[in-house]
Amino acid sequence: MHMDRQVYPFISITTADQGIFEFRKRRRDVVFHNYVKRLTKNWIFKACIFTTIVANSLFMALETDYKLANRLYLFFDVAEQLFLAIYTVEFLAKLYVDPIKYWKIGFNVFDFIVLSLSFIHRFLPPKYKRSLYWFHVVRPLRTLRTVSFIRGLQVLSTALVSTLKSVCFVLFLLFLLMTVFALIGYYFYGRQDDGDYKNWGNLRSAFFTLFSLVTLDGWTDLQAETGKLGFTSSRIFIIGFILLGCFLFFNLFIGVVIINIRETSKEFNKGVQAERETTLIQKKQAILQRQQSHIADLMEKQKTSQFESFSEMVEKFKQTLRHDDYVLLDDLCSSLSFIDIYLTSLDEQDNTLYKLQQLYFETAYILGNLLEVDRHQERSEKKDADASAKAN
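Visitor: A description of the overall build of the protein should follow, citing residues and the corresponding values.
Guide: Summing up its helical and strand segments, the protein has 15 helices and 0 strands in all. For the protein, buried positions account for 26% of its 392 residues. For the protein, the share of sequence-separated contacts (at least 6 apart) that also reach a separation of at least 24 residues comes to 68%. Surface exposure of the protein reaches about 29300 Å², of which carbon and sulfur atoms provide 64%.

Okay, here's the thing in structure tokens:
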């Protein structure tokens, strides 16, 4: 069998697998669609879009210089067209990949709104641009698109959006409290003759005074000014409102934001886990579909072949495999118990060979010493014989 031939394990499709595996209508442009899908999810594509957003923000900052904007007007105009082209290509690519899921993501809807308003501002006739001057606000909004590329900012922005409802309730409760204290301050300290008419003379000034107390801006000066007019109860009034309006509601506001951020983080983590599980299920479905198609092809070949059964065809197919092809084996050598015993026997063989090698080294060392002793004795005997021969 050639190396480019793909061999997949033959498995039986159970009822549970059939519940997971569903046949879907394939697109006619499935190859190009998969390519665009991989491209939009690639980190290089995301890095290019992020770099484009950063460069666009930098160019908008440079355009605030009046002299530089006039001197490089053509350059900034061409750059603006290039940025719009890149944003348009990104929008069309994402919309082509999944036209239904695209509109379910809030960041994508925000990108579409900013892109649409940018095109309206770009191709609007000059006579209407002056009357719709607020369209210039659209371009700085592109900087906020960086949020969709950073997960931490996505969690934080989603938490802030979900916090708006709770924050509105807190602000409404604070408004009711300020209304009560504004009326009390108006009736007690807002007399025009001998009262503090400047700060408490009407409801509008009373609200403004209470707002400055909430922000703790100059409340000591306000208390000193009210105390000079002889209102000794103003201390209890002002301190009580600061305790309720500033410390209580401010901490309540922070607590609501923290709770929403924590809940949003949990939901975001669950969504990431769900995406991973969905990816695994899709991979499993692709594998099952591929294996079913291979089995169906083999069954069709079996009908037109000379084999009597499917098992006979599989055995004949196994005989055509090379040693480097993947195939499922049911022989003894593929069982775990045999592999365990075989590896254990290999370890014992290694130990035996190591001990035999040590014994061989010791035997060779002893034989070498004996040979050295024999040579030494022969040399000594030869010297004695030579000495006796010379003496004679």
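Visitor: Got a sec to walk through the packing of helix H3 (residues 43-62) against helix H5 (residues 73-97)? Specific residues and values, please.
Guide: The relative placement of two packed helices is expressed as an angle between their axes plus a distance between the axes. Where H3 contacts H5, the axes come no closer than 11 Å and their chain directions differ by 150°. The angle between H3 and H5 falls in the class roughly antiparallel. For the pair H3 and H5, the sense of crossing is left-handed. Of the residues in H5, those touching H3 at Phe 45, Ile 49, Thr 52, Ile 53, Ala 55, Asn 56, Phe 59 and Leu 62 are Phe 75, Phe 76, Ala 79, Glu 80, Phe 83, Ile 86, Tyr 87 and Glu 90. Split into classes, the residues belonging to the contact of H3 with H5 amount to 12 nonpolar, 2 polar and 2 charged.

Visitor: Residues and numbers for the confidence of the model for the protein, please.
Guide: Overall, the predicted model of the protein reaches an average pLDDT of 77, with 81% of residues at or above 70. Of the regions scoring below 50 in pLDDT, residues 1-25 engages in 37 contacts with residues more than four places distant in sequence or in other chains.

Visitor: Which residues make up the pattern of salt bridges, and what are the values?
Guide: Applying the stated criterion across every chain yields a total of 1 salt bridge. For Lys 94, the salt bridge is made with Glu 90, and the minimal N-O distance between the two is 3.0 Å. Of this pair, Lys 94 and Glu 90 are both found in helix H5, 4 residues apart, which corresponds to roughly one turn of the helix. Classification of Lys 94 as partly exposed rests on a relative accessible area of 25%.

Visitor: Tell me what's going on with the packing of helix H2 (residues 30-41) against H5, and back it up with residues and numbers.
Guide: Put simply, H2 and H5 touch, their axes get as near as 9 Å, and they point 125° apart. One way to sum up the angle between H2 and H5 is to call them oblique. In the crossing of H2 with H5, the sense of the turn from one axis to the other is left-handed. On the side of H2, the interface is formed by Phe 32, His 33, Val 36, Lys 37 and Thr 40, while H5 contributes Ala 93, Lys 94, Tyr 96 and Val 97. For the contact of H2 with H5, the class distribution of residues is 5 nonpolar, 2 polar and 2 charged.

Visitor: Describe a positive patch on the surface, listing the residues and the values that go with them.
Guide: Taken together, the side chains of Lys 41, Lys 46, Lys 101, Lys 104, Arg 151 and Arg 276 define a basic patch exposed on the protein surface. For Lys 104, a relative accessible area of 69% gives the class exposed.

Visitor: Outline helix H6 (residues 106-123), supporting the account with residue identities and numerical values.
Guide: Along its 18 residues, H6 runs 26 Å from first to last C-alpha, staying within 8% of the 26 Å computed at 1.5 Å per residue. For H6, the complete set of buried residues consists of Asn 108, Asp 111, Val 114, Leu 115, Ser 118 and His 121. Down the axis, H6 shows its buried residues gathered within 155° of arc, on one side only. Turned more than 90 degrees away from the buried face of H6, the exposed residues are Gly 106 and Phe 123.

Visitor: So what's going on with helix H12 (residues 219-228)? Which residues, and what values?
Guide: When H12 is considered as a whole, its buried residues turn out to be Leu 222, Gln 223 and Thr 226. Looking straight down H12, one finds its buried side chains confined to an arc of 100°; they lie on one side. When the buried face of H12 is taken as reference, the exposed residues oriented beyond 90 degrees from it are Asp 221 and Lys 228. Gly 230 sits one or two residues past H12 and shows a positive phi near 90°.

Visitor: Tell me about the nonpolar core, and name the residues and values.
Guide: Of all hydrophobic cores here, the largest spans 22 residues; its most connected members are Met 178, Phe 181, Trp 200, Leu 210, Leu 213, Phe 237 and Phe 241. Listed in part, the 13 residues of the second largest apolar core include Phe 45, Ile 49, Leu 84 and Tyr 87.

Visitor: How would you explain the packing of aromatic side chains if you had to name every residue and give the values?
Guide: Applying the stated criterion across every chain yields a total of 19 aromatic pairs. Pairing Tyr 186 with Tyr 187 gives two aromatic rings, centres 5.3 Å apart and planes at 65°, and the pair type is edge-to-face. Using a relative accessible area of 34% as the deciding quantity, one classes Tyr 186 as partly exposed. Among the aromatic residues, ring-to-ring pairing joins Phe 181, Phe 188, Tyr 189, Trp 200, Phe 237 and Phe 241 into one connected group.

Rules behind the numbers
Residues numbered from 1 in each chain as written. Predicted model: local features only at pLDDT ≥ 70, side-chain atom pairs only at ≥ 80, totals over all residues. Heavy atoms only, no water. Helix = DSSP H or I, 4+ residues; strand = E, 2+ residues; numbered from the N terminus. Buried < 20%, exposed > 50% of the residue type's maximum accessible area, 1.4 Å probe, protein only. Contact = heavy atoms within 4.5 Å. Areas by Shrake-Rupley, 256 points an atom, 1.4 Å probe, with all protein chains shown as cover. Axes fitted to C-alpha atoms, helices over the stretch in contact; angles between N-to-C directions. Parallel < 35°, antiparallel > 145°, perpendicular 65-115°, else oblique. Left-handed = near helix turned anticlockwise from the far one by under 90°. Nonpolar A, V, L, I, M, F, W, Y, C, P; charged D, E, K, R; others polar. pLDDT = per-residue confidence, 0-100. Salt bridge = Lys/Arg side-chain N within 4 Å of Asp/Glu carboxyl O. Patch = residues over 30% accessible without salt bridge, like charges linked within 9 Å, V, L, I, M, F, W, Y side chains within 5 Å. Lys, Arg positive; Asp, Glu negative; His and termini not counted. Charge placed at Lys NZ, Arg CZ, Asp CG, Glu CD. Expected span 1.5 Å × (residues − 1). Arc of directions from axis to C-beta. Core = buried A, V, L, I, M, F, W, Y, C linked by side-chain atoms within 4.5 Å. Phe/Tyr/Trp six-rings, centres within 6.5 Å; stacked < 30°, edge-to-face > 60°.

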